[in-house]
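Residue-level structure breakdown
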Amino acid sequence: MAITPISNTQVTTCQIPEWHHIPNTSIQSKPLMIYHGAFDATPTELEEHLEAVGEVVPQWVYSMYSQTHFHSTTQEVLGVISGSARLCFGGEDNPERFEPTVQRGDLIIVPAGVGHRLLEDMHVNQEEFQMVGAYPHGKQWDMCYGKPEEKAKVQRIKDVAWFRQDPLYGVDGPALHV
């Protein structure tokens, strides 16, 4: 597995305001982060690396749901291990949404409360878009969809801890400087 040095990693950060019942980054003020081309690894190699760093536990390999959803119980780390896709963060009708194209080697940190969904699997070189999904130790993700009855769950987001280490780089890394 190859990890791109921090000094060579381009990082995009994005604050997304609340939209209807999707809190986005409004509660914790931690940005959505994309580390572009941060690693070159198989799914197993990335899972082993994340486990070795010790900040998150890989839980699945999959694409991304095509329905906007967010998590109120945990931050989420997504490592793109194949393909390319256009994603939507913030809610598809939100005028301040963020719609990046991500590809193999990108690492995405999705703060609790940030709405996200798959817009388009681009099937680059016939590869399906796949990610490793990981979460901090002891955290279980939930599914919220921006419904008014989720208000109590949304309020809990302020108590969700941020990372003590960067999920990819360990003791120092972009996630610790936001």
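See the structure shown above.
Residues numbered from 1 in each chain as written. Predicted model: local features only at pLDDT ≥ 70, side-chain atom pairs only at ≥ 80, totals over all residues. Heavy atoms only, no water.

1. Quick notes on the pattern of salt bridges
What the rule picks out here adds up to 7 salt bridges. Between R97 and E99 there is a salt bridge; the shortest N-O distance is 2.6 Å. Of the charged contacts, one joins D142 and R156 as a salt bridge, the two residues approaching to 4.0 Å between their closest N and O atoms. Of this pair, D142 sits in the loop between strand 11 (130-136) and helix 2 (151-156) while R156 sits in helix 2, and the two are 14 residues apart along the sequence. Taking the relative accessible area as the measure of exposure, D142 reaches 12% and is therefore buried. Several salt bridges share partner residues, and in doing so they unite R86, R97, E99 and E120 into one network. (Salt bridge = Lys/Arg side-chain N within 4 Å of Asp/Glu carboxyl O. Helix = DSSP H or I, 4+ residues; strand = E, 2+ residues; numbered from the N terminus. Buried < 20%, exposed > 50% of the residue type's maximum accessible area, 1.4 Å probe, protein only.)

2. Looking at the side chain of H71
Among the secondary structure elements, H71 is positioned in the loop between strand 5 (56-62) and strand 6 (76-82). Since its relative accessible area comes to 4%, H71 is described here as buried. Within the local environment of H71, its side chain forms a polar contact with the side chain of E76, the two groups lying 3.3 Å apart. Setting aside its immediate chain neighbours within four residues, H71 contacts E76, A112, G113, H116, W141, D142, M143 and I157. (Polar contact = N/O pair within 3.5 Å; in protein donor to acceptor, adjacent residues only side chain to side chain. Contact = heavy atoms within 4.5 Å.)

3. Focus: a nonpolar patch on the surface
A contiguous nonpolar patch, built from Y62, Y65 and W141 and spanning about 310 Å² of accessible area, is present on the exposed surface. The topology assignment puts Y62 in strand 5. (Patch = residues over 30% accessible without salt bridge, like charges linked within 9 Å, V, L, I, M, F, W, Y side chains within 5 Å. Areas by Shrake-Rupley, 256 points an atom, 1.4 Å probe, with all protein chains shown as cover.)

4. With respect to the sheet that holds strand 10 (residues 116-121)
Strand order in the open sheet formed by 3 strands is 8-7-10, with antiparallel pairing between adjacent strands. The outermost strands of the open sheet, each flanked by one partner alone, are strand 8 (101-103) and strand 10. On average, each strand axis in the sheet is inclined to that of its neighbour by 40°, with strand direction left out of account. Pairing geometry for strand 7 (residues 84-89) and strand 10, over 5 bridges, is antiparallel. Along strand 10, the bridge assignment pairs R86 with E120. (Pairing = 2+ DSSP bridges. Axes fitted to C-alpha atoms, helices over the stretch in contact; angles between N-to-C directions.)

5. Concerning the packing of aromatic side chains
The tally for this structure, following the rule as stated, stands at 4 aromatic pairs. Seen from their ring centres, Y62 and Y65 are 5.8 Å apart, and the 55° between their planes marks the pair as tilted. Between W162 and F163, the aromatic rings sit 4.9 Å apart at their centres with planes inclined by 65°, giving edge-to-face as the arrangement. Each member of the pair, W162 as well as F163, carries the same accessibility label: buried. (Phe/Tyr/Trp six-rings, centres within 6.5 Å; stacked < 30°, edge-to-face > 60°.)

6. A word on the sheet that holds strand 3 (residues 32-36)
Strand order in the open sheet made by the 6 strands is 2-3-9-6-11-5, with antiparallel pairing throughout. The outermost strands of the open sheet, each flanked by one partner alone, are strand 2 (10-14) and strand 5. Taken pair by pair, the neighbouring strands of this sheet meet at an average axis angle of 20°, ignoring direction. Sheet analysis places strand 5 next to strand 11, joined by 6 bridges and oriented antiparallel. Paired with W60 across the strands is G133, a residue of strand 11.

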